[in-house]
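Observations on the three-dimensional arrangement
Chain by chain, the residues run as shown.
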Amino acid sequence: MPAKYTLRVDGIDGAVKQLLDLLRDNDGTAEGKIQAFFFSGLNGSGLGASVVLEATAKLLKSTRSDPDTRNHFGKIVHVDCSLWKNRRTMQRAIAEELNLQHLMPIFYKHDEDDDFRGVDGSSREEITSIGSAIHESLVNGKFLLIFHYGGDAYLDLADCGIPKVGAFGKGILLWTNYGRFQFFREEQKLMATASIDMEIHGITYEYMRQTMRPFVHNEVVQVIGYTGMDGINPATFLDCFLYLMFLTEQLRENSIIGVDYGWSAHACNYWVCDGIIGGDRAWEIGNALYEVIPLSGYPSYITREHLFNIPESLRKELKEYLLDERRKPHEGWCSVTSNKQAAEDISNVPDSASSYFLTFQGDDPGYLHGDMFRVASNLRVLKLCNCSFNFSSPPFHCCQNLRFLWLDRCTNTEKKQGGGSFFPNLLVFDLRFTEYVLLPQIIESMTSLRELNTVGVSWKSICHAWEKLHKLNKLRVRESSDFITFDSCSSKHVNNLELLDLSGNTLLESLPTLSSERSLKMLVLDGCSSLEQVALEGGAPLLESFSFDGYGPVEDWTHSIQLPQKELRLKTPIIAPLEKAKVTKISLHGCVLLHDIFLRALPYLEELDLSCTAIKTLDLNAMDVPQLKKLFLLGCHQLRSLLWDGWKTSLTVLHIDTQVKGRSTTCPGEKTTFDFEACIAFTDGRFIWSAIEGLYLKIFHSYLPKVYLLISCMSYGQASITKGIQEISPNEEGMVPKGTLLTYSDIALAKDVTHSSLVWDRQQLQPSRTHIEIGEGSYNLESMQDDVFFRYFIDYCVESLYLHDNSSITAIPPTTPASWTYLKWCHVEKCPKLHTLFTCWIRHDSFQHITIFSASDLVMAYCIWVRSIDGNFGRTGFQQLQHIYLHNCPRLVFVLPISFSLPNLESIQIAYCSNIRHVFPLHDEVPQEIASGVTFTNLKHIKLHHLHKLEQICEVRLTAPVLETIGLRDCWGLRRLPAVASHGPKPVVDCEKDWWDKLEWDGLDAGHDPSLFQTRHSAYYKKTIPRGSVLR
């Protein structure tokens, strides 16, 4: 247990002075000195703790403080994390305090990376490199860290980079986990070697209330500051907080009875309807205060053990102080609990009452006599629970200023409804398990109603209200007791509706038409088990949140238009097995603002369309949708992560496009039926991190998959792939007209060099079953290799690769060792920074299925395949390679280092690669049989144009027994042709005569003699020009 020390002061300044004196007295690096101090505020209650720490930091950082004191503590680091987000946000605040602004881009980068990994915002951890910088900034000098901690988990500041505080450290830690009028805490959550637990006491008990005044006032100002809003009156905040004290004290007194005040649902409604908050910004201010006042949104925390866990005397003093300040509004608040026998003893509601809560105990309702509210003309908030009265003439019918009405489990003493009552000023109507029929004339009188909540109420009693409430902002129709249908209802006049909650309606079979709900922001369908389809199709353009939880509705909703936190949702389903959610299709296509979606336990869901939404993360693993077959996420420009392990769904169709305008969802290539089809288009390579595991495992376990990855801002087919090399200059753009695929129309055949051609089948370069296209606008491609499943995907899945028009890529990912085992063809063009295409390949099975490689307009490329780290490729590597085509790669030195033969190679076509010396240099590790010569048994066509430095096609003697054509232009350094067969048709050689005359030959016996070739010299061949001529 930490030691305790008490400060006896008369105000904030006195607390700061004594606190600094205490810190100095206990400062030092000698063993036994305490350097961690926990501050618990006024009488250990937490009140004022955060305020005093803030005042201490301001003083030490100001010129008002004593220079010796400032120098004594060294650096002053003040970090306020009262509104806790995550550990990384805390580390960022520390770095900002230390003026480490140059590190901010690292935070942005890691936050972006975590977005792509699907890491929840509350789970963002510290960054190691930032921690090192913080440690280096503090470790060599003295510092005082003043820290407000608002988190619940244990925290070790060393993880953020804070040097050790304690026996041998130079730093001092002053901290609290109090603030925002939190008067309870569990145990200390901050790790420190030793600490002093300090409290503040007034000089005398009688003086405590005066001492309390500055602490309360400054804490109010501090909390208002957390809202980020201007113009909030501190007195307004005190009234709101006093209302909370009033309700929570009633909870303490009636905890056995179980009175429900619905704080999480109605806190803001109470404040506004009671008149505590007024004006044009009333709801805006109420929502802001609701977010910063403790306990909001966490009704389960309001328990006898936690609530106001401070000394009784202090609680009394605090309440009396607040009442002295704000007694008038408090006098209008009243809460009564009674049993049926004592109902007659309940006094009439006084005329001063503004909020009145009445709850009867027991199973039978308590009767309310007719004149109970006769003088309560100022009543604005009313809740009646377990009461009975005449619904047609309720006892509160005279309360014309009523703004909030909550009837819970109330019964009618009459059989007929009668005329009903009129409440023109009513803003909120909450009706639970009470058959209070909303007659048309009643509805028409509620011209100001902005929130209507019903639970367990017959749909017939409220259905006609649908189109009458023109100002309705929130509508909850939950757990209706009968069949619910919208066939006879129209919502065309409800233009302000922002929230529609139909949770728990197990008989609901269809949704209302939402085409006119232009303002709808949240739709909740939790537990609507009879719905078979949900299709909004852009009908709610402002929709931001959607929930369909097969487990059923949450017990308590929150006031804000936000989905319930996961902690508040059901842990197990409440719906019987026969009532599992029947929905098979959900389409929210076109809801462009939709970013928050919760789906769970939808066992029959087969199709989900979230196209053109603002969704950022979709977690298929947590959704429990085992029959999901089709998923569409087209035009989702905010999409960062798809969490999917490949096992928990039955996906057969997956279409994703992260561009603002969705592109075609059709996989290019062969048209057939596949058991899994995926088209995934994105621009940031990091998107692959979350999706690739499920994608790889799905391919691996599919019989006939079709997968197309488009990493580009272009649509498929926008870039042409290639064209012939005849009469092409290096500055020509494109290789063929759009849409034409690899038609070589210029390779001369034996009989007619000029007009005949070798034409490749277009299907050879059609995308294979697993295809990757990387194009213009893609970035962060190198990050893809960070995921091991992406490397598996490359090694064992990819069959075709098309890389084009990318101005940033320097190497084809992954640059780590990869085998590309099933790659069949690859085409690369117009990537000006691409240096090495395949940087690292290993194992004997690398590229064992590749048949075609082509590249063009790679101005920086040095080589296609580097010399591998393993030369053992003799068995299967490159054994299927048939065609090599290269054009305009001016810095290319070689193509493929070999230690093996290429038995299926048919054609080599290279043009405008002026720096190439050997097409096939020898690998560093080469077997003896290859070192003495290599035979390409199927090589038929060679075309080489403008290769100025070419010395040899292969670094060793090359034999091509079935060679048919050779076309050469401007390759003056080449001195040897491949050896050929000594019998059969002669290969046709189309070349310059001067070059032919200078060739070197090994002789007829070696199959290397001019007589074994048929020459055809160019029709444009020029005669020899004389060495000198006379100029006239």
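Not measured: the values here are computed from a predicted model. (Residues numbered from 1 in each chain as written. Predicted model: local features only at pLDDT ≥ 70, side-chain atom pairs only at ≥ 80, totals over all residues. Heavy atoms only, no water.)

This part covers the overall build of the protein. Check the secondary structure of the protein and you find 16 helices and 45 strands. Here the protein holds 1032 residues, and the buried ones make up 57% of them. Once local pairs closer than 6 in sequence are excluded, the contacts in the protein between residues at least 24 apart make up 65%. (Helix = DSSP H or I, 4+ residues; strand = E, 2+ residues; numbered from the N terminus. Buried < 20%, exposed > 50% of the residue type's maximum accessible area, 1.4 Å probe, protein only. Contact = heavy atoms within 4.5 Å.)

The next point concerns the side chain of Ser-388. By the secondary structure assignment, Ser-388 is in strand 11 (residues 387-389). What Ser-388 contacts, discounting residues up to four positions off in sequence, is Pro-365, Gly-366, Tyr-367, Leu-368, Thr-411 and Thr-413.

The method is simple in principle: a probe with the dimensions of a water molecule rolls over the atoms, and the space it marks as empty is what remains. Inspection of the entire model under this criterion finds six cavities of 30 Å³ or more. Roughly 100 Å³ of internal volume is contained in the largest cavity. Lining the largest cavity are 15 residues, and of these Asp-501, Met-522, Val-524, Trp-557 and Pro-564 lie nearest its centre. Of the residues contributing to the lining of the largest cavity, the split by class is seven nonpolar, four polar and four charged. (1 Å grid on protein atoms, 1.4 Å probe; cavity = no way out; pocket = protein on both sides within 12 Å on 5 of 7 lines; lining within 4 Å. Points joined across faces, edges and corners; volume = space filled by probe spheres on them. Nonpolar A, V, L, I, M, F, W, Y, C, P; charged D, E, K, R; others polar.)

Those residues of helix 6 (residues 128-138) that sit buried are Ile-130, Gly-131, Ala-133, Ile-134 and Leu-138. The buried residues of helix 6 all sit within an arc of 160° when viewed along its axis, so they share a single face. Of the residues in helix 6, the exposed ones pointing more than 90 degrees away from the buried face are Thr-128 and Glu-136. For helix 6, the secondary structure elements touched by its buried residues are strand 3 (75-81), helix 4 (87-97), helix 5 (104-117) and strand 4 (143-149). (Arc of directions from axis to C-beta.)

On to the pattern of salt bridges, then. Applying the stated criterion to the full structure yields 32 salt bridges. We note a salt bridge from Arg-124 to Asp-111, for which the minimum N-O separation is 3.8 Å. Taken together, the positions of Arg-124 in the loop between helix 5 and helix 6 and Asp-111 in helix 5 put the pair 13 residues apart, joining distant regions of the chain. Of the two residues, Arg-124 and Asp-111, both sit in the buried class. Taking the shortest distance from any N to any O, the salt bridge between Lys-616 and Asp-115 comes out at 3.4 Å. Of this pair, Lys-616 sits in the loop between strand 23 (607-609) and strand 24 (617-619) while Asp-115 sits in helix 5, and the two are 501 residues apart along the sequence. (Salt bridge = Lys/Arg side-chain N within 4 Å of Asp/Glu carboxyl O.)

Together, Val-788, Tyr-792, Tyr-796 and Tyr-822 give the surface a local cluster of nonpolar side chains, amounting to about 340 Å² of exposed area. Owing to a relative accessible area of 34%, Tyr-792 belongs among the partly exposed residues under this scheme. (Patch = residues over 30% accessible without salt bridge, like charges linked within 9 Å, V, L, I, M, F, W, Y side chains within 5 Å. Areas by Shrake-Rupley, 256 points an atom, 1.4 Å probe, with all protein chains shown as cover.)

Our focus in this paragraph is the sheet that holds strand 15 (residues 451-455). An order of 7-8-10-12-14-15-16-17-18-20-22 is seen for the 11 strands of this open sheet, with the pairing classed as parallel. Pairing within the sheet leaves two strands with one partner each, and these edge strands are strand 7 (333-338) and strand 22 (596-600). Taken over all neighbouring pairs, the strand axes of this sheet differ in orientation by 5° on average, direction set aside. Examined bridge by bridge, strand 15 and strand 16 (residues 474-478) share five bridges and lie parallel to one another. If you follow Leu-452 over to strand 16, its bridge partner there is Leu-475. Helix-sheet contacts for helix 9 (residues 263-274) involve strand 7, strand 8 (355-360), strand 10 (381-385), strand 12 (404-408), strand 14 (428-432) and strand 15, and the interaxial angle to strand 12 is about 135°. (Pairing = 2+ DSSP bridges. Axes fitted to C-alpha atoms, helices over the stretch in contact; angles between N-to-C directions.)

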